[in-house]
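Inside the fold
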Amino acid sequence: MIKGIDVSHNNGKVDWDAVKRAGLTFAMIRVGYGKGNLDKQFYNNVHGALSHGLKIGIYHYSYALRTADAEKEADFVIRTLMDAGLSAKKVIGAYYDMEDADGYKKKHGMPSRQALTNFCSIAVNKFWKHGYVAGVYCNKDWYCNKLYFDQLGGCALWLAEPGKSKPSIKCAIWQYSFKEIIAGKTFDGDILMK
């Protein structure tokens, strides 16, 4: 098992020297959100993590309400990774962040469990097609009640389940904390399960 953090523009400018000194060895970096919104710190975070010898993975926060939205989101991710020179060999995984933390899906007509699963399937299949280790990020409630994970072809799971001594579901990455403090900033803490 190796420890890391996930980062987005919500974390501001990351002190990658401090991240390295804290003994973390990887970072999950948000590409963007929705149908083509690039995370403002994506390129800075990629450069910062790689220049400090950290492994990187990427994720994209989904706002998909329809199949066409999921297609656009997945295409945006692939296009951005290609533009950034991040081939499958350079990242530890590409994850589709399927949750509703800000209530957008609920406000706009929450898609059915099958539709949400289909959106994930579209993304992970596009990621696989380009050679990436592909997966879905979600919490235990979404895993058990909002998605049919058994329909996702054995894709990787990045499970958000903080406050436990170990994850309750087999996963590739376990988000064990929302309170990893580094140089005075709070990050989500992750463990890459080996």
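Rules used in this analysis
Position numbers for residues start from 1 in each chain and track the written sequence from start to end. Residues qualify for local features only when their pLDDT is at least 70, as the model is predicted, and side-chain atom pairs are given and counted only at 80 or more; totals for whole chains, interfaces and linings, by contrast, use all residues. Calculation of side-chain values draws on the structure's entire complement of heavy atoms; hydrogens and water are dropped beforehand. For each residue, the accessible area found with a 1.4 Å probe, counting protein chains only, is set against the maximum for its type, and the residue is called buried under 20%, exposed over 50%, and partly exposed in between. Starting at the N terminus, helices and strands are each numbered in turn, a helix being any DSSP run of H or I of at least four residues and a strand any DSSP run of E of at least two. Every residue pair with non-hydrogen atoms within 4.5 Å of one another is taken to be in contact. Only buried residues count toward a nonpolar core. Its members are Ala, Val, Leu, Ile, Met, Phe, Trp, Tyr and Cys residues joined through side-chain atoms within 4.5 Å.

In this section: helix α2 (residues 42-51). The set of residues buried in α2 consists of Phe-42, Asn-45, Val-46, Gly-48 and Ala-49. Phi turns positive, to about 80°, at Gly-53, one or two residues after α2.

Attention now goes to the environment of Cys-171. With respect to the secondary-structure elements, Cys-171 resides in the loop between β7 (156-160) and β8 (173-182). A residue is classified by how much of its surface remains accessible, and Cys-171, at 12% relative accessible area, is buried. For the pair formed by Cys-171 and Leu-81, sequence separation is 90 residues and the distance between their alpha carbons is 24 Å. Those residues in contact with Cys-171 that sit more than four places away from it in its chain are Leu-157, Leu-159 and Met-193.

Here we come to the nonpolar core. Core analysis: the biggest nonpolar cluster contains 54 residues, and Tyr-96, Met-98, Phe-127, Val-136 and Leu-147 have the highest contact counts within it. Looking at which element gives the most residues to this core, the answer is helix α5 (residues 113-129), with 8 residues. With 10 residues, the next largest nonpolar core counts Tyr-59, Tyr-137, Ala-156 and Leu-192 among its residues.

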